[in-house]
Amino acid sequence: MSDPRLAARYRRFLIGYPRDYRREMADEIVAVFLDAAPPGRARPTAREAANLLLHGLRCRLGRPAGRMVVVWAALTAILCGLFTAAAATRLAWETARPLPTAAQATPLFADLLPGHDLTGKVEGSPAMFVVYGAPLGTEHIRDLLFGDGGEYGFGSTGVALQGLSEADTARTLATAQARLDAGGWQATSPRVTRSDADTTETTLAARRGDDVLTFDLLSQPRYRNMYFSVSLNRATPWAAYPAGVAGLLVGALAGWLAFGWASRRTEGRAPALRALTTTLYGVATALWTIPSGLGVVGMAEHHLTEQHFVWHPLWEWLGQPALSLLFVAGVALTLLAAAVAALPRRPEALTADDELAV
Amino acid sequence: MREPTFLILTALAGQTRHGYGILQEIAALSAGRVTLLPGTLYTALDRLAAQGLVARDREEVADGRLRRYYRLTSAGLTVLDAETARLRELATVAETKLRALRPHTA
């Protein structure tokens, strides 16, 4: 006779299966494990536990003979995981030290740019992330949804110098580099890019602790136009990484379970209802996948062509909030599909499904 | 058809079996090479039931443990028959080629 606690332990790992299935099958499946267990076994092996959890999650999707359902569920889990991770990292950014005010940052900029009068030139940011220079508020919803979502980004405390000669600009940059070295900053080499025949842009990034500096020099000698700016941002707070991983796992699981509910709910239903929910959800996933694909490609290109001490946040990699209208439309279609799936079944449909579940 | 599926159908050919009985028979048929865990077995049985290849037969309680028996349906028998013929043809072709390679040892 096996340890009576062993059955309870096996039963615990059936949590991955839907409740109805557990009610019907738990005794039988646990009995097979107990029959197969060698004498003296007190608890399930890791392999057995993983086997039950994974097959339980598969069972959550219903449609036992279907293969595409697993592909759709995996896609849903990935998308939900990524978007939840992005939201979690945004929350984690709240743990970052606030940006310095203009007054607090002035001594730092004065040290890096000696010989320049910075009076009234240093500008602070009202928030860590801003849209059109202001903290995000409900008044920006329209901007975010209708084309200007890309304006939401890092705020910074910075200073800009204009009217320098080319020689002054080179000297100022060299001095700043020396000051960065002396001040213990970790700095990149200047990267020069020529955007057209008349314009040269030089960027340099530096980091010390959670302070990140970006130097941006725009040179258009033909038009006697020189622009030299230094901006200070915060480095990604360490909490963003565990928050992102936790968000990914929680979101992926939630997405899988939600998809499983809808899949089981629509299993064996009228063809019209199934076609409607499939179409709605198919379009929704396209609306989520397209911005994410564009975001990943665009951000990868951006990171490769510019020097960064701070990765752009995950939501930007997912095309958010630049393409938030598509995301919101996808959510609306998914909710509509879920509402259709939640419509009550007809009694005869229940009978048909009961036979299928055997 | 994957090997575990083929073995499950074979285990049920001619005899109803409960879950543990199927696992034992699969181990015996494959000389211990294939051992399925119960989670895998029941996912496969659900799939085969949905395809109409196996069906629940009866249930009993032995030593306080619930045992449900499964049987092969006529559709399951047909599929197993077809798969067996396909495997036999493949094996025959392979044997013929191997004989040609090793004429003295065949």
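Residues numbered from 1 in each chain as written. Chains lettered and ligands numbered in written order. Predicted model: local features only at pLDDT ≥ 70, side-chain atom pairs only at ≥ 80, totals over all residues. Heavy atoms only, no water.

Caption draft 1: Summary view of the overall build of chain A. What chain A contains, in helices and strands, is 12 helices and 10 strands. If one aligns the C-alpha atoms of chain A with their principal axes, the spans along those axes are about 85 × 55 × 35 Å. A total of 358 residues make up chain A; the buried ones form 42% of that total. Contacts in chain A between residues at least 24 apart in sequence constitute 69% of all its contacts with a sequence separation of at least 6. For chain A, the exposed area adds up to about 18800 Å²; of that, 63% sits on carbon and sulfur atoms. Looking at chain A, you have 33 positive and 32 negative side-chain charges, and the mean spots of the two groups are 8 Å apart. (Helix = DSSP H or I, 4+ residues; strand = E, 2+ residues; numbered from the N terminus. Buried < 20%, exposed > 50% of the residue type's maximum accessible area, 1.4 Å probe, protein only. Contact = heavy atoms within 4.5 Å. Areas by Shrake-Rupley, 256 points an atom, 1.4 Å probe, with all protein chains shown as cover. Lys, Arg positive; Asp, Glu negative; His and termini not counted. Charge placed at Lys NZ, Arg CZ, Asp CG, Glu CD.)

Caption draft 2: Here's a closer look at empty space enclosed by the protein. Counted by the stated rule, this structure contains two cavities of 30 Å³ or more. For the largest cavity, the calculated volume is near 40 Å³. Lining the largest cavity we find Glu 28, Ala 31, Val 32 and Asp 35 of chain A together with His 18, Gly 19, Tyr 20, Tyr 42, Leu 66, Arg 67 and Arg 68 of chain B. Those elements that provide at least two residues to the lining of the largest cavity are α2 (19-36) of chain A together with α2 (19-29) and β3 (65-72) of chain B. No other element matches α2 of chain A, which puts four residues into the lining of the largest cavity. The residue inventory of the lining of the largest cavity, partitioned by class, reads five nonpolar, two polar and four charged. (1 Å grid on protein atoms, 1.4 Å probe; cavity = no way out; pocket = protein on both sides within 12 Å on 5 of 7 lines; lining within 4 Å. Points joined across faces, edges and corners; volume = space filled by probe spheres on them. Nonpolar A, V, L, I, M, F, W, Y, C, P; charged D, E, K, R; others polar.)

Caption draft 3: View of the sheet that holds strand β2 (residues 54-62) of chain B. Residue and element names in this part refer to chain B. Spatially, three strands are ordered β1-β3-β2 in an open sheet, and the strand pairing comes out antiparallel. Of all the strands in the sheet, the pair left with one neighbour each is β1 (17-18) and β2. As paired elements, β2 and β3 share eight bridges and run antiparallel to each other. Considered in β3, the bridge of Val 61 is made with Leu 66. (Pairing = 2+ DSSP bridges.)

Caption draft 4: Here's a closer look at helix α1 (residues 3-12) of chain B. Residue and element names in this part refer to chain B. Extensive coverage of α1 is indicated by the burial of seven of its 10 residues. Thr 5, Phe 6, Leu 7, Ile 8, Leu 9, Ala 11 and Leu 12 are the residues of α1 that are buried. Backbone geometry just after α1 places Gly 14 at a positive phi near 85°.

Caption draft 5: Looking closely at the confidence of the model for chain A. Counting all residues, the mean pLDDT for chain A is 89, and 96% of those residues have values of 70 or more. Segment residues 349-358 of chain A is flagged for pLDDT under 50; beyond a separation of four residues in sequence, or across chains, it makes nine contacts in the model. (pLDDT = per-residue confidence, 0-100.)

Caption draft 6: Broad picture of the domain arrangement of chain A. All names here are of chain A. The domains assigned to chain A are domain 1 (1-59), domain 2 (65-96 + 238-358) and domain 3 (97-234). The interface is formed by four residues belonging to domain 1 together with seven residues belonging to domain 2. When grouped by side-chain class, the residues that make up the side of domain 1 that touches domain 2 number three nonpolar, no polar and one charged. (Domains from an automatic or database assignment.)

Caption draft 7: Just the pairing of strand β9 (residues 211-220) of chain A, in detail. Residue and element names in this part refer to chain A. Most of β9 is tucked away: seven of the 10 residues are buried. Counting the residues in the hairpin turn of strand β8 (residues 199-208) and β9 gives two residues, including Gly 209, whose phi is positive at 60°. Across 10 bridges, the pairing between β9 and strand β10 (residues 225-234) is antiparallel. Paired with Leu 213 across the strands is Leu 232, a residue of β10. Between the end of β9 and the start of β10, which pair antiparallel, lie four residues, with Arg 224 showing a positive phi angle near 55°.

Caption draft 8: Fine view of unusual backbone geometry. A cis amide bond links Gln 320 of chain A to the next residue, Pro 321 of chain A, at an omega of -5°. Unusually for a residue other than glycine, Ala 31 of chain B sits at a positive phi of about 55°.

Caption draft 9: Layout of helix α7 (residues 166-182) of chain A. Given a rise of 1.5 Å per residue, 17 residues ought to cover 24 Å, and the 25 Å separating the end C-alpha atoms of α7 of chain A matches this to within 8%. Elements that come into contact with the buried residues of α7 of chain A comprise α5 (102-112), β5 (157-162), β6 (186-187), β8, β9 and β10 of chain A. (Expected span 1.5 Å × (residues − 1).)

Caption draft 10: How the structure looks around the packing of α2 of chain A against α2 of chain B. Running from N to C, α2 of chain A and α2 of chain B point in directions that differ by 45°, and their axes come no closer than 8 Å. Relative to α2 of chain B, α2 of chain A is oriented oblique. For the pair α2 of chain A and α2 of chain B, the contacting residues are Val 32, Asp 35 and Ala 36 of chain A in the first and Gly 19, Tyr 20 and Leu 23 of chain B in the second. A breakdown of the residues in the contact of α2 of chain A with α2 of chain B according to their chemical character gives four nonpolar, one polar and one charged. (Axes fitted to C-alpha atoms, helices over the stretch in contact; angles between N-to-C directions. Parallel < 35°, antiparallel > 145°, perpendicular 65-115°, else oblique.)

Caption draft 11: Representation of the side chain of Thr 199 of chain A within the structure. Residue and element names in this part refer to chain A. Residue placement: Thr 199 occurs in strand β8. Judged by relative accessible area, which is 5%, Thr 199 ranks as buried. Engagement of the side chain of Thr 199 in a polar contact is seen with the side chain of Gln 220, the distance being 2.9 Å. The contacts of Thr 199, once residues within four sequence positions are left out, are Thr 193, Arg 194, Leu 218, Ser 219 and Gln 220. (Polar contact = N/O pair within 3.5 Å; in protein donor to acceptor, adjacent residues only side chain to side chain.)

Caption draft 12: Quick peek at the sheet that holds strand β3 (residues 134-135) of chain A. Residues and elements named next belong to chain A. An order of β3-β2-β4 is seen for the three strands of this open sheet, with the pairing classed as antiparallel. Strands with a single pairing partner mark the edges of an open sheet, and in this sheet they are β3 and β4 (152-154). Looking at chain direction, strand β2 (residues 129-131) and β3 are connected through two bridges and run antiparallel. Each bridged residue has a counterpart across the sheet, and for Val 130 the counterpart in β3 is Pro 135.

Caption draft 13: Seen up close, the environment of Glu 48 of chain A. Looking at the secondary structure, you find Glu 48 of chain A in helix α3 (residues 46-60). A residue is classified by how much of its surface remains accessible, and Glu 48 of chain A, at 7% relative accessible area, is buried. In the structure, Glu 48 of chain A is positioned 43 residues away from Arg 5 of chain A in sequence and 16 Å away in space, judged by C-alpha atoms. Other than its neighbours up to four places away in sequence, Glu 48 of chain A contacts Tyr 10, Phe 33 and Arg 41 of chain A together with Leu 37 of chain B. At 2.7 Å, the side chain of Glu 48 of chain A and the side chain of Tyr 10 of chain A are in polar contact.

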